[in-house]
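# Secondary and tertiary structure notes
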Amino acid sequence: MANFSNAAMNSPLNSPHRNDPRDISLNESIDDESQSESQSESQSLSSQASITSYGTLPTSLPLPPLPPSLSNNNNLKGRPSSPDDDDVSSSSPSLLSRCSPLSLTLSSLTFLLILLPTSILTYPNSLLYLTTDQSPPFPFYESGLLDPKPDQTPIRTGTFYTNLLIFETAKDKTENTASFPIISDYYRTTFTSSSVRISTSLLTSPTSSSSEHAVKKSSFSNELIISCPSTSHLTTHSHTSLSVTTSIKSQNCAIESYAVSGSIFYTLKLSGNYNLNGDDITALGGGFFRTDAFVIYSGTREFPSSDSETVLRVFPNLPGITTEQLIELGIKNSYPTTGRIYGNYSPSSSSEIIIEHDYATLEPGDVYCLNKFGGDKMSEYFNMHVLEGLDGEYRIGRVKFSEGRGVCEVRTYPSTIRYDYSKYVTSSVSLIDSSLSNQISSTLDVNMGVYGLGKIVQRISLECVISYNSGSKLCVNEVIPYLDKLFKEIFLPKTSYFMYDTSIGGITTRSGSSDHQSDFGNGIYNDHHYHYGYYLHAISLLDYVQVSEKNGGKGRMAEKYGRFFDGLANDVCNYDARSKWYSVGRHMDMYEGHSWASGVEEYAEGKGQESVSEAVNCYVGCMLWGGVRGDEDMERFGRVSAEIEVTGAKRLWQRPSGDMLGIVSSTALTSKTWFGDKPQYRHGINVMPITAVTPYLVGEDWASKEWKVLKSKFDGFEDEWKSILTPIVALHDPVAAREKAGDIKTADAGTSLGLVSWFIESMGGEPLPDPVESPETQENSGNDSAKCKKFGKCGDAGLTGYCCPTLEGLMLECCN
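A few words on the state of the cysteines. In total, this model carries four disulfides according to the counting rule given. Sulfur-sulfur distance for the disulfide between Cys228 and Cys253 comes to 1.9 Å. The sign of the S-S torsion, about -75°, decides the handedness of the disulfide formed by Cys228 and Cys253: left-handed. Placement of Cys228 in the loop between strand 7 (224–227) and strand 8 (233–239) and of Cys253 in strand 10 (residues 253–260) is noted, with a sequence separation of 25 residues between them. Each member of the pair Cys228 and Cys253 is classed as buried. A sulfur-sulfur distance of 2.2 Å marks the disulfide that ties Cys573 to Cys622. The sign of the 90° torsion about the S-S bond sets the Cys573-Cys622 disulfide as right-handed. Of this pair, Cys573 sits in helix 16 (residues 562–573) while Cys622 is found in helix 17 (residues 612–629), placing the two residues 49 residues apart along the sequence. Pair check on accessibility: Cys573 and Cys622 agree, each one buried.

In structure tokens, the structure reads:
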């Protein structure tokens, strides 16, 4: 290894990083100047769905006045009394016991005083809860996923550096063991205990690989290796939503590495006797050096104490690139050490997401950073071929500095999503009631898995609202008591379905806590937003029905089980960086513009996400739950996250041709899914579940393109996938959708023929006909092959009657 000469440094490696309370927070104010600069292009990315806007949820509910227990000045003294003495509700702690001013920090007290009066005015039937300061309502356990436990917890699982956190705590690594990579923009970095290894994808545009399933795949060039020659120790000592900082130290060598999303250059801070690979290093003068893959600038940062440190700024060695161009981009000036994301929120017009960095200064001067939604094309700046990543051409913009911090980019997301419960109505209520009647005649198996159960619970809740709004009393009289019993079974303290993991700081299922393969990896934090979003959406739908009844919302399940649903909401939608219990936005990556479903598990290609639509469903669920709870911050975090996810779906998953991606990962866009490569799989998994938000997610124009792709194949799809995709056809051609729906005999567990019919009718089509046969008639039809006892899992769960399919045509999870 060649020794790369540097100045001796005696100063310790310092860490200017901290957990900033603004990190991924949403503030009220809007900077009109910064908004106007970024609004035009960002709005083009957030295309409007071609459907009449629904009324905003919290303010459009036909809610009765506050009941006396919530409308007087004593409502801060404790939790409103439960309408019954159920053992679940009686165990709920009071508002005072959770949020007593005597136990609050000054910042939390300020939060309490500001938020509650606003909530009372905005949400007249809210339950007056603060949700982020609650201790988790589930049994505690320690997963040991990261052992020893990192100093900085709770851990965000949707960030780009999870592989590094896992590697740092691995027990079986040797001095030469390399970590799985972390991917930050066009830099791919791996670590050993003594080295940092950097490669780049900017030298080659993403191309289709030899795999028939790859739409685009990043290709990384040869590595630049910076190492300490003696035995060293790797430490990750700071991480935020945008950055991770690592230190490698030995007796006479130290390397500090800054991986910062949005930084044009990769930065390292060095001291002692370190090595830099490549005998082909060429000195260019003025502190510049060149390897085959990188141009490197070596600068010195001086301190008042007369100490100094060497800083390396690294950039891909693009053909024809000049040092003058790099100097103009700020390679010799300030460099980002960490970063954060926060937002300005407007419920009526547009919201802003601000990408901000902290900088250390080498020399004064302008600095540039990467922009995803604005700025100038990098290729035009360097006067060369297109320089692109998986999600389009790289763009750059000048950083705006203020007090040592620099705003890198401001993204604008128009507030397009509206959710009006009154849109859930049908002229064919008997089809909905038939499905509900069949459901409540059997017992749901709570052991079927958190995902499958959640899909069914949300489907029942959607049907319940449609039934109620269409004039039926089945929902109120029978379905809500049925689900009340289910929730009691799920949330009973002694046998709680969920548990709180103190190692990571999050809610997992009980089965996932002991078996990491259970519940699709829920115990290692895979797919939490998919799983919990179904329950949050469902309870909000049910609360609409209960509050709309003429009894002041008596017996509201949202009150009885509220703290348990708060736990699920905080796991995936916590907005408060001060929380000691939950990470902020567990799966949401606001920098990349969508979520990552991957949890605390190593992946060779970085993070990935399959079902963008289920991510949208989660954030809509958080938005609705925030409205139920009177938690404006939860409501707006959910709304903004849903807007971001919808934009990401349109930008990445929904291809201009009308085809659909299966999985988006950090280094590849693929057409396959985790469970197969058929077209109905990738299209279906990325539009389900079908709700009132579906038109915003898909839109008429793209749905018409998709239909051209799928039309010739559609009749060969399984009925379960047809039941998911037929409503999408209705977005642009309700007549064709009605024709296709008539052939469906068996629906997916998360939908029903009644829901398919409702959606087609809501798009202007004709509903499906009422059921011809009554359940009694079908019971005597002699179709023994569909009986529950014929399917082991269904029989073992104690289900009787017809399961596969049910009398209404539903295939239960236990049929598989």
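From this point, the discussion proceeds with the structure in view.
Moving on to the pairing of strand 26 (residues 498–501). Side-chain alternation along strand 26 places Phe498 and Tyr500 on one buried face and Met499 and Asp501 on a second face that is also buried. Direction of pairing for strand 2 (residues 140–141) relative to strand 26: parallel, over a ladder of two bridges. Paired with Phe140 across the two strands is Tyr500, which belongs to strand 26. Inspection of the sheet shows strand 26 paired to strand 27 (residues 506–509) by four bridges, in the antiparallel sense. Across the sheet, Asp501 pairs through a bridge with Gly506, a residue of strand 27. Count of turn residues in the strand 26/strand 27 antiparallel hairpin: four residues, of which Gly505 carries a positive phi of about 95°.

Our next topic: the environment of Ser511. Relative to the helices and strands, Ser511 is located in helix 13 (residues 510–514). The partly exposed category is assigned to Ser511, whose relative accessible area is 34%. Once the C-alpha coordinates of Ser511 and Tyr497 are considered, the two residues, 14 residues apart in sequence, prove to be 8.0 Å apart. Separated by 2.7 Å, the side chains of Ser511 and Asp519 make a polar contact.

Right, let's get into the packing of aromatic side chains. For the structure on display, the rule yields 42 aromatic pairs. Their ring planes at 35° and their centres at 6.4 Å tell us that Phe138 and Phe491 sit as a pair that is tilted. Of the two residues, Phe138 is situated in the loop between helix 6 (106–122) and strand 2 and Phe491 in helix 12 (residues 474–491); the sequence distance between them amounts to 353 residues. Residue Phe138 shares its accessibility class with Phe491, and that shared class is buried. With 5.4 Å between their ring centres and 90° between their planes, Phe487 and Phe565 make a pair best called edge-to-face. Residue Phe487 is located in helix 12, and its partner Phe565 is located in helix 16; the two are separated by 78 residues in the primary sequence. Taking relative accessible area as the criterion, Phe487 reaches 1% and is therefore assigned buried. On the accessibility criterion, Phe565 (0% relative accessible area) is buried. Taken together, the aromatic side chains of Phe138, Phe487, Phe491, Tyr497, Phe498, Tyr532, Tyr535, Tyr561, Phe564, Phe565 and Trp625 make up a single cluster linked through ring pairs. The lysine or arginine in question, Arg188, covers the ring of Phe220, its NZ or CZ lying 5.8 Å from the ring centre.

Within the protein chain, residue pLDDT values average 79, and 77% of them lie at 70 or more. The element-level mean pLDDT for the protein chain is lowest in helix 5 (residues 95–99), coming to 25, with helix 17 highest at 97. A low-confidence stretch, residues 774–783 stays under pLDDT 50, and its non-local contacts, those more than four residues away or across chains, total nine contacts.

Attention shifts here to the pattern of salt bridges. The full count for this structure, using the stated rule, is 24 salt bridges. Between Asp391 and Arg651 there is a salt bridge, and its shortest N-O distance comes to 3.0 Å. Here the residue Asp391 occupies a position in the loop between strand 21 (388–389) and strand 22 (392–393), and Arg651 occupies one in helix 18 (residues 632–653), the gap between them amounting to 260 residues. Classification of Arg651 by relative accessible area gives buried; the value is 16%. Where salt bridges share partners, they join Arg340, Glu356, Asp358 and Arg405 into one cluster.

Moving on, we get to the nonpolar core. One finds Phe315 and Phe487 to be the most contacted residues of the largest nonpolar core, which totals 200 residues. Excluding its chain neighbours within four sequence positions, the residues that come into contact with Phe315 are Tyr186, Tyr187, Leu202, Ile264, Phe265, Ala293, Phe294, Val295, Ile321, Leu326, Met378 and Phe382.

Ordered by their spatial adjacency, three strands build an open sheet running 2-26-27, and the pairing between neighbours is mixed. Of all strands in the sheet, those with a lone pairing partner are strand 2 and strand 27, marking the two edges. With respect to the sheet, helix 14 (residues 528–548) is in contact with strand 26 and strand 27, its orientation differing from that of strand 27 by roughly 85°.

About the criteria used
- Residues numbered from 1 in each chain as written.
- Predicted model: local features only at pLDDT ≥ 70, side-chain atom pairs only at ≥ 80, totals over all residues.
- Heavy atoms only, no water.
- Disulfide = S-S within 2.5 Å.
- Helix = DSSP H or I, 4+ residues; strand = E, 2+ residues; numbered from the N terminus.
- Buried < 20%, exposed > 50% of the residue type's maximum accessible area, 1.4 Å probe, protein only.
- Pairing = 2+ DSSP bridges.
- Polar contact = N/O pair within 3.5 Å; in protein donor to acceptor, adjacent residues only side chain to side chain.
- Phe/Tyr/Trp six-rings, centres within 6.5 Å; stacked < 30°, edge-to-face > 60°.
- Lys NZ or Arg CZ within 6 Å of the ring centre and 35° of its normal.
- pLDDT = per-residue confidence, 0-100.
- Contact = heavy atoms within 4.5 Å.
- Salt bridge = Lys/Arg side-chain N within 4 Å of Asp/Glu carboxyl O.
- Core = buried A, V, L, I, M, F, W, Y, C linked by side-chain atoms within 4.5 Å.
- Axes fitted to C-alpha atoms, helices over the stretch in contact; angles between N-to-C directions.

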